[in-house]
Amino acid sequence: DISSAALSVAADNAMRAGVDINYIRSDMFTGVSGMYDMILSNPPYIPTRDIEELEPEVRTSEPVGALDGHEDGLFFYRILAHLKAGGRLIMEIGYNQADDVCSLLEQNKFADIEVIKDLAGHDRVVCGRRI
C-alpha cells in the first residue's frame, strides 16, 4: 500500500487475527521486485469524474487516493499483472466494471476468470489465473 496509515491498520488487524504478513509501502509495484503467486487487491476504481457524486459518507471518509481510479476507473487494473504463471488474482471492482476488467485480464493471458456478486447482487470481485 502507498499509505503508511493503511499499512498500520492492516498490521494491527493481522496481529489480532494471528496472521504473519510482510507489508511493503509502495506505489503499486514501484518499490517491489519479483513475481507473485497471488495478488489480492481492492484498488481505487472510481472514475475521477464520479468521485464528487459519491455518497457523502464515502466521499468524506475515504482519502481521494483510495477512491480515484483515474479517467475510466481502470488505471490500477492495467498494472496488476505481476503474477507468476499459474498465479491467482483477486480484485474488488466497481459494480459496472466486470466486463472491462475481465477483458483486460483476457488480453493479459488470464484464464479461469470469474465474477463474484456482492450481497446486493452487484458484480463486486473478479478472479483469474495467469496462464
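Model, not experiment: these values are computed from the prediction.

Basis of the calculations
- Along every chain, residues carry numbers that run from 1 in the direction the sequence is written.
- The predicted origin of the model limits local features to residues at a pLDDT of at least 70 and limits the giving and counting of side-chain atom pairs to 80 or more, whereas totals for whole chains, interfaces and linings rest on all residues.
- Calculated side-chain values reflect all of the structure's heavy atoms, with hydrogen atoms and water omitted.
- Counting from the N terminus, the helices are DSSP H or I runs at least four residues long and the strands are E runs at least two residues long.
- Just to be clear, the radius of gyration here is over C-alpha atoms, and the globule rule we use is 2.2 Å times residues to the power 0.38.
- Each residue is assigned to one of three classes by its accessible area relative to the maximum for its type, calculated with a 1.4 Å probe on protein chains only: buried under 20%, partly exposed between the two thresholds, exposed over 50%.
- Note on areas: these come from Shrake-Rupley sampling with a 1.4 Å probe, and a residue is covered only by the protein chains present in the view.
- Paired strands are those between which DSSP finds at least two bridges.
- Only the stretch in contact is used when a helix axis is fitted, and all axes are lines through C-alpha atoms; the angle between N-to-C directions ranges over 0 to 180 degrees.
- Here the nonpolar core consists of buried residues drawn from Ala, Val, Leu, Ile, Met, Phe, Trp, Tyr and Cys, with membership extended through side-chain atoms lying within 4.5 Å.
- Contacts: residue pairs with any heavy atoms within 4.5 Å of one another.
- For this quantity, the arc is that covered by the directions from the helix axis to the C-beta atoms.
- In protein, a polar contact requires one atom able to donate a hydrogen and another able to accept it; more generally it is a pair of N or O atoms within 3.5 Å, and residues adjacent in sequence count only if both atoms are side-chain atoms.
- When the sulfur atoms of two cysteines come within 2.5 Å, that pair is taken as a disulfide.

Remarks on the overall build of the protein chain
Part 1: Along the protein chain, the regular secondary structure elements total four helices and four strands.
Part 2: Element order for the protein chain, N to C, with α for helix and β for strand: α-β-α-α-β-α-β-β.
Part 3: The globule rule puts the C-alpha radius of gyration for 131 residues at 14 Å, and the 15 Å found for the protein chain is close to it.
Part 4: With the C-alpha coordinates aligned to their principal axes, the bounding extent of the protein chain is approximately 40 × 35 × 30 Å.
Part 5: Residue burial in the protein chain is summarised as follows: out of 131 residues, 31% are buried.
Part 6: A total of about 8400 Å² of accessible surface is found on the protein chain, and carbon and sulfur atoms cover 53% of it.

Topic: the sheet that holds strand β1 (residues 36-41)
Part 1: Judged by pairing direction, the sheet is mixed, and its four strands sit side by side in the order β1-β2-β4-β3 without closing on themselves. Lying at the two open borders of the sheet, with one neighbouring strand each, are β1 and β3 (110-117). Strand after strand, the sheet turns through a mean of 10° between neighbouring axes, direction not considered.
Part 2: In this structure, β1 lies alongside strand β2 (residues 83-92), joined through five bridges in parallel fashion. Looking at the pairing, Tyr 36 lines up with Leu 83 of β2.

Here's the deal with the nonpolar core
Part 1: Tyr 77, Leu 89 and Val 101 are the most contacted members of the largest nonpolar core, which has 20 residues in total.
Part 2: Put simply, the parts of the chain that give this core at least two residues each are β2 and α4 (98-107).
Part 3: Here this core takes five residues from α4, the largest share from any one element.
Part 4: Val 101 has contacts with Leu 74, Tyr 77, Met 91, Ile 93 and Val 126, leaving out every residue within four places of it along the chain.

Things to note about α4
Since there are 3.6 residues in each turn of an α-helix, residues three or four apart along the chain are aligned in direction.
Part 1: Among all positions in α4, only Ala 98, Val 101, Cys 102, Leu 104 and Leu 105 are buried. Taken end-on, α4 shows its buried residues confined to a sector of 155°, consistent with a single buried face. Seen from the open side of α4, the exposed residues pointing more than 90 degrees away from its buried face are Asp 99, Glu 106 and Gln 107.
Part 2: Looking at the buried side of α4, the elements it contacts are β2, β3 and β4 (123-130).
Part 3: Where α4 ends, the next residue or the one after it, Lys 109, has phi of about 65°, a positive value.

A word on the side chain of Asp 123
Part 1: On the secondary structure map, Asp 123 appears in strand β4.
Part 2: According to the relative accessible area criterion, Asp 123 is buried, its value standing at 19%.
Part 3: At 2.7 Å, the side chain of Asp 123 and the side chain of Lys 117 are in polar contact.

Quick look at the state of the cysteines
Part 1: For the structure on display, the rule yields zero disulfides.
Part 2: In this model Cys 102 remains outside any disulfide bridge; the closest cysteine sulfur is found in Cys 127, 9.5 Å from its own.
Part 3: Look at Cys 102 and you get buried, because its relative accessible area is 13%.
Part 4: The exposure class of Cys 127 is buried, given its relative accessible area of 6%.

Spatial relationships are all this shows, so hold off on functional conclusions.
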